[in-house]
Structures are given as C-alpha cells and as structure tokens.
Amino acid sequence: MKDQAEQLAHLEAEVTQLKEQNALLVKRAKQADSASKAKSDFLAMISHEIRTPMNGVIGLSKLLLGTELEPRQRHFAELIQGSADSLLSLINSLLDFSKIEADKMILDIDKFDIHVLAKELVALYAVTGKQKGLSLHLSLDENLAGSYRGDAYRLRQILVNLLGNSIKFTDKGSVFLSIKKEGVNAGKDILYFTVRDTGIGIAPETAAFLFQPFTQADASSTRRFGGTGLGLSICAKLVRLMGGEIGVRPAPQGGSVFWFKITLQPATDAVKDSQVVKAPSTQLFPSPHKQLPLPNFTQGKEVNPIKILIVDDDNTNKIVMEEIFRLSKASLFFASNGEVAVTMCKESRFHVVFMDCQMPVMDGFEATEIILGQGQGKEGKDLPAIIALTADATSKTKDKCYAVGMVDYLVKPIDFHKLYMVLRTWLPELTVPALTMDRQEQKNKQQQTKQQRAIINQASFDRLKHHVGNMDHVARVFVKSMEARLVELEETIQQNDAKGSQKIAHTLKGSSSQIGADELTRLCLLVEKAGKNGQILQIQRLLPKIRKAIKDVACFFKEQLD
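Residues numbered from 1 in each chain as written. Predicted model: local features only at pLDDT ≥ 70, side-chain atom pairs only at ≥ 80, totals over all residues. Heavy atoms only, no water.

Let's shift gears to the overall build of the protein chain. Across its full length, the protein chain holds 18 helices and 12 strands. Residue burial in the protein chain is summarised as follows: out of 562 residues, 46% are buried. Residue pairs in contact within the protein chain that sit at least 24 positions apart in sequence constitute 73% of those at least 6 positions apart. Summing over all exposed atoms, the protein chain offers an accessible surface of approximately 29500 Å²; the carbon and sulfur share of this is 53%. (Helix = DSSP H or I, 4+ residues; strand = E, 2+ residues; numbered from the N terminus. Buried < 20%, exposed > 50% of the residue type's maximum accessible area, 1.4 Å probe, protein only. Contact = heavy atoms within 4.5 Å. Areas by Shrake-Rupley, 256 points an atom, 1.4 Å probe, with all protein chains shown as cover.)

Written out as structure tokens, the structure is:
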C-alpha cells in the first residue's frame, strides 16, 4: 500500500509538472503570436510612414520633369528622380524581406507567357547593357510550354535581380539568360534558369554566403558597386517559396553562372469542348439578347463633367494629385478624412474616388462601406468607383480594400503608368496630359500597354493556331460559349447573386485567357474579385465593359474567318 501511495504521489507530481509545462508552452505560443502580429503591424506602419513622403518626392519630381526646364535644372530634377527611385527600390526590398521573414509572403498563381516574360526582360536590360558595351543573349528551350501557371511577378523579380547583378558586375563581354525544360515531375515541368556573365567572378569561399541577407562578395565590391546585399537573399527565399533551389558556380570562360530550378504547371493552350455550352444555332454571332440598363453616367439631356474626389489627410499628396489632373477636364474635389468624404458623396455624385486607408476621424475602409451602402436600393443612384491610394503596401491591406468594395488598388508613391492603366479602366473617356508627358517612359511602356489592351493577344492567338491548325471550329465554339456565359452573368446580376457571378466570371476568364482575349480576361478577373467579396454593385459597373469586350472579340473573329 505504501508503494502504491508513493507511485500515485509521483504520478500526480508528474501530471502537475506536465500541466505547468503545457501552460508555459501555451503562454509562449500566445507571446509568439503577439510578437508576430506586432511585427506585421510595425511593418505596415513603417511602410505607410515612409511611402507617404516618398509619394511627394517622386510625384512632384515627375511632374517637374514634365515642365519646361533649363538643361541644368532638368539634370538636377533627373538626379532627384533617380535617387528617389533608388530609395523606393530599397524600401521595397526591405518590405519583401520582412514579409518573407514573417512568413507573410503569398504567391499569386495565375497563367502567364514565359516567352513574353523572358523577351521583355532581355529587351529591358539590353538598353542598360548597351550603355556599358555589353551584349545580352536569350536562349529558350523549344520544349517549353507556351504558358505556365505560377507567380509571374515574383519570377520576374528573381530574374531582374540576377540580370541586374550580372550587368552591374560585368565591365565587358556578354550576359546570357537561358531557360530549359529538364523534365517532368507529377505533371509539372522542371525548369532550369541560368544567368551567365563574363564579369569579375566569385571566389568559391564566398559563394556559400552570397544568399545570406546583407551579404556581398567582399567589402571592396560593396564600396565599388554599392547595394544592400538583400537582392540575392530575397531571390533565394522566393525560389524556396516556389519549392525550388538556387545556386552559383564559376563560368568556364570566367565570370559567374547563377542558376535556379523550379517546377511549374503548364497551362492549357486550347479551348476544351467541356468548357463550352453547346447551342443548337449554327450562327457564329447569335442575335442580340435583352440587356440590363447601362450606368447613368451620360444619359439625360446634359452630360455632367467628370468629378473626382481625393480623400487624403496629407497636403503633399493632395498637391501631387491636383497637379496630375490640373490639365485634364475633370473637376477635382478634396476631403481630409473619411467622414467628410461620406458627406460629400451623399450630397453629390462622383465618378471616381481615390481613397486613402489610414486617416484620422474615419479611415478609408469604413468610409467606403458607408458610401457604397448609401447607394443600396436607391434607383438611379450611381456609385463611384472607389480606388485605394494608400502608402500601406501589405497584402493584408490590399485584401481588405477589395473586401470592403474598392475596385482597384494603387500604392504610394504613385506609379504614373499604373495610374494611367487604372484610369483607362474606370474613366476611359478622360485624358490626363500629365500622365503622357514623360515621352521616354511612354515609349518604353508603349508596347506593353498595347499588348495589355489588345483585343486578342496576337502571340497567344498565333501559338494556339500553330497547335490547333484551322481556327474556324475553335472560334465558333468559343464565341458561342462566350455569348452563353454573358447571358448567365446578366441573369446572376439581376438576381443579385454575387457568388454566381464569380463562378461564371472564373469560367469565362479561363477560356478567354486560352484564346488570347487579354482585356476580357482582365475584366473577368475584376468581376471574380468583386464576386468573392459580395460586391454586386461593382459587378454591375463592370458589366458594360464586359459587353463591349465580348463584342470586340466577336468582331475580331468575324474578321478572321471572313
């Protein structure tokens, strides 16, 4: 009995000890979660606080360069612009590094054309290389799929870092980008990327440390070439996030070879019959069907001028936006916080609202929900397209913006090209001279814009034609499917079924991307996002644009088949 009592006492002591240890572990887990949240909050705050003054520096220097300047003044303004861009690049690198360290980085998986991505990068860096007397070369494996599913933005970021480094550390010779298909694993292609240069090379003893943060080859290169040493660390973390591996080795003829290996899912290149709604009609273009009324922006006896509301508590940001729109035909209005914006939207109708997120009195999220709520159930009430214009670049804030009903998202400092593209979507009738003043920048991005806004991506269409041959059947099937999806989309909108609209838009997006209808694909993606967040009113705003895109695509195929 005595032994049993001692054993029971011993067990009770162990149970008590386990409970205490368990309670300690729970406490530490809560502390870790709290620390992680504090780190994320600090990251968002720092991002916001740094980007707000940067918006003034970059925005005003861009506007200054768009005015008449003496050569010496222009030189100084360009130096300010270049320094500001360098600082912004550093801020973005630190932000990316912090996101990855905190496990907050999420890959955005979508279909992309790897050939276009590679060719655009080589064309971009060929200009920089030419200034140093370098030649750039591209080698693409003929076995590569036309399109893959992956995060094109992050893949581009990796290649930009590697190509940029190779050019920076190479004084003469060449830089080569190669992409090869090494094999297949579980239905995914194993892709092997290499960036080879004829530069200064890397000593074997330092190669192992290159992918650690804040590290460069040696102290002398830091002084000569500059940089934080974050680029390769971010590349390594992104490659690992994609489930791949990265490394470096000496080039046989001198210089270095940076390589990484990832697996990507090939995207389908043809429209599948299973995705198509079969219709008994043999007509390529069905008769017009009943349409929902268009938004009342231009109906009536008198066309109201375009009215834009800027909601921001920072005076410098207001000045930047005022100067951007100064020569346009839009009327600009300002609100210093969300509460004022709500009142102004209740008393007047605005076509577009640029909404800051963090403001005193009432933030942009609450203001957006109230403004959109004011239009619920009011016949003839036109809701503004509310576009986030925030210094908070975190994915959490971006998701929240869409969740409350904002239709688009811009990050400070303002990227003039992105602002231009946003206005093309939500105010296509408005011309903003300030966004087209930088001729060199426009020239560099002209081809990209043309590609993004083309009715049919010619490269995608030609590739599909190469695989399919005669396009008559594919075109007829696709157009019938497209028309049928539009009817279904209109029905879900009439029923206020946001989730139903989301599903239809997702299906239409898939077939449109396969056929190369880039603009229709982009609009379907916006409907899909709005549907996910239950924003039926924003889907209604997009419907006329989708109708027009479908009409344009149908006309394109009619011309091709005639």
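Having seen the structure, we can now continue with the description.
Here the focus is the sheet that holds strand 10 (residues 352-355). Strand order in the open sheet formed by 5 strands is 9-8-10-11-12, and the pairing between neighbours is parallel. In this open sheet, the two edge strands, each paired with only one partner strand, are strand 9 (331-335) and strand 12 (408-411). Across the sheet, the mean angle from the axis of one strand to that of its neighbour is 20°, orientation sign disregarded. In terms of strand pairing, strand 8 (residues 307-311) meets strand 9 through 5 bridges, oriented parallel. If you follow Leu309 over to strand 9, its bridge partner there is Phe333. Those strands touched by helix 11 (residues 395-404) are strand 11 (385-390) and strand 12, and its axis lies near 145° from that of strand 12. In the packing of helix 12 (residues 416-426) onto the sheet, the strands contacted are strand 10, strand 11 and strand 12, and the crossing angle to strand 12 comes to about 160°. (Pairing = 2+ DSSP bridges. Axes fitted to C-alpha atoms, helices over the stretch in contact; angles between N-to-C directions.)

Turning next to helix 15 (residues 472-494). The terminal C-alpha atoms of helix 15 lie 33 Å apart, and with 23 residues this matches the ideal 33 Å at 1.5 Å per residue to within 8%. Just downstream of helix 15, Asn496 is the residue with a positive phi angle, here 55°. (Expected span 1.5 Å × (residues − 1).)

Once that is clear, we can look at the pairing of strand 3 (residues 147-150). Looking down a regular strand, the side chains alternate between one sheet face and the other. By the bridge criterion, 4 bridges tie strand 1 (residues 110-113) to strand 3 in an arrangement that is antiparallel. Residue pairing in the sheet places Asp113 in a bridge with Ser147 of strand 3. With 2 bridges connecting them, strand 3 and strand 7 (residues 256-266) associate as antiparallel partners. Note on strand 7: the bridge partner recorded for Tyr148 is Pro266.

An α-helical turn contains 3.6 residues, so a residue and the one three or four places further along point in the same direction. Relative to the 21 Å expected for 15 residues at 1.5 Å per residue, helix 17 (residues 518-532) spans 21 Å between its end C-alpha atoms, a close match to the ideal helical length. Of all the positions in helix 17, only Glu519, Leu520, Thr521, Leu523, Cys524, Leu526, Val527, Glu528, Ala530 and Gly531 are classed as buried. Immediately beyond the C-terminal end of helix 17, within one or two residues, lies Gly534, with a positive phi of roughly 70°.

So, on to the packing of aromatic side chains. Given two aromatic rings, one states the distance between the centres and the angle between the planes to describe the pair. Counted according to the given criterion, the structure contains 6 aromatic pairs. Consider the rings of Phe193 and Phe260, whose centres lie 4.5 Å apart with planes at 5°: the pair is stacked. One end of the pair, Phe193, is in strand 5 (residues 188-197); the other, Phe260, is in strand 7, with 67 residues separating them in the sequence. For Phe193, a relative accessible area of 1% puts it in the buried group. Summarising the aromatic geometry, the rings of Phe556 and Phe557 are spaced 5.3 Å apart at their centres and angled 85° between planes, so their arrangement reads as edge-to-face. Phe556 gets classed as buried once you look at its relative accessible area, which sits at 13%. (Phe/Tyr/Trp six-rings, centres within 6.5 Å; stacked < 30°, edge-to-face > 60°.)

Before going further, it helps to examine the nonpolar core. One finds Ile324, Phe354 and Phe557 to be the most contacted residues of the largest nonpolar core, which totals 87 residues. In this structure, Phe354 is in contact with Ile308, Leu309, Ile310, Val311, Met321, Phe325, Ile387, Leu389, Leu410, Leu419 and Leu423, ignoring residues within four places of it in sequence. The next biggest cluster of nonpolar side chains, apart from the first, holds 39 residues, and it includes Leu121, Leu191, Cys235 and Ile246. (Core = buried A, V, L, I, M, F, W, Y, C linked by side-chain atoms within 4.5 Å.)

This part is about the confidence of the model for the protein chain. Interpretation of this model should avoid reading the predicted coordinates in detail wherever pLDDT is low. With 72% of its residues at a pLDDT of at least 70, the protein chain reaches an overall mean of 76. The model gives residues 437-452 a pLDDT under 50, and that stretch makes 16 contacts with residues more than four places away or in other chains. (pLDDT = per-residue confidence, 0-100.)

With that settled, the discussion passes to the packing of helix 9 (residues 338-347) against helix 10 (residues 364-374). Viewed as axis vectors pointing N to C, helix 9 and helix 10 meet at an angle of 15°, and their least axial separation amounts to 9 Å. The angle between helix 9 and helix 10 falls in the class roughly parallel. In the packing of helix 9 onto helix 10, the handedness of the crossing is right-handed. Contacts between helix 9 and helix 10 involve Gly338, Ala341, Val342, Cys345 and Lys346 from the first element and Ala367, Ile370, Ile371 and Gln374 from the second. Of the residues belonging to the contact of helix 9 with helix 10, the class tally is 6 nonpolar, 2 polar and 1 charged. (Parallel < 35°, antiparallel > 145°, perpendicular 65-115°, else oblique. Left-handed = near helix turned anticlockwise from the far one by under 90°. Nonpolar A, V, L, I, M, F, W, Y, C, P; charged D, E, K, R; others polar.)

As a further point, take unusual backbone geometry. In the segment running from Lys412 into Pro413, the intervening peptide bond is cis, with an omega of -5°. For Pro413, the position within the fold is in the loop between strand 12 and helix 12. Phi at Ala186 takes a positive value of approximately 55°, unusual for a residue other than glycine. When you line up the elements, Ala186 lands in the loop between strand 4 (174-185) and strand 5. By relative accessible area, Ala186 is classed as exposed at 76%. With phi around 70°, Val361 is a residue other than glycine that occupies positive phi space. You can see Val361 is positioned in the loop between strand 10 and helix 10.

With that settled, consider the pattern of salt bridges. For the structure on display, the rule yields 12 salt bridges. Lys412 is the partner of Asp356 in a salt bridge, and the nearest nitrogen-oxygen pair spans 3.8 Å. In this pair, Asp356 is assigned in the loop between strand 10 and helix 10 and Lys412 in the loop between strand 12 and helix 12, connecting sequence segments 56 residues apart. The exposure class of Asp356 is buried, given its relative accessible area of 1%. Residue classification places Lys412 among the buried positions, given a relative accessible area of 1%. Put simply, Arg485 and Glu488 hold a salt bridge, and the shortest N to O gap is 3.3 Å. Of this pair, Arg485 and Glu488 both sit in helix 15, 3 residues apart, which is roughly one turn of the helix. Accessibility expressed as a relative area gives 12% for Arg485, which makes it buried. (Salt bridge = Lys/Arg side-chain N within 4 Å of Asp/Glu carboxyl O.)

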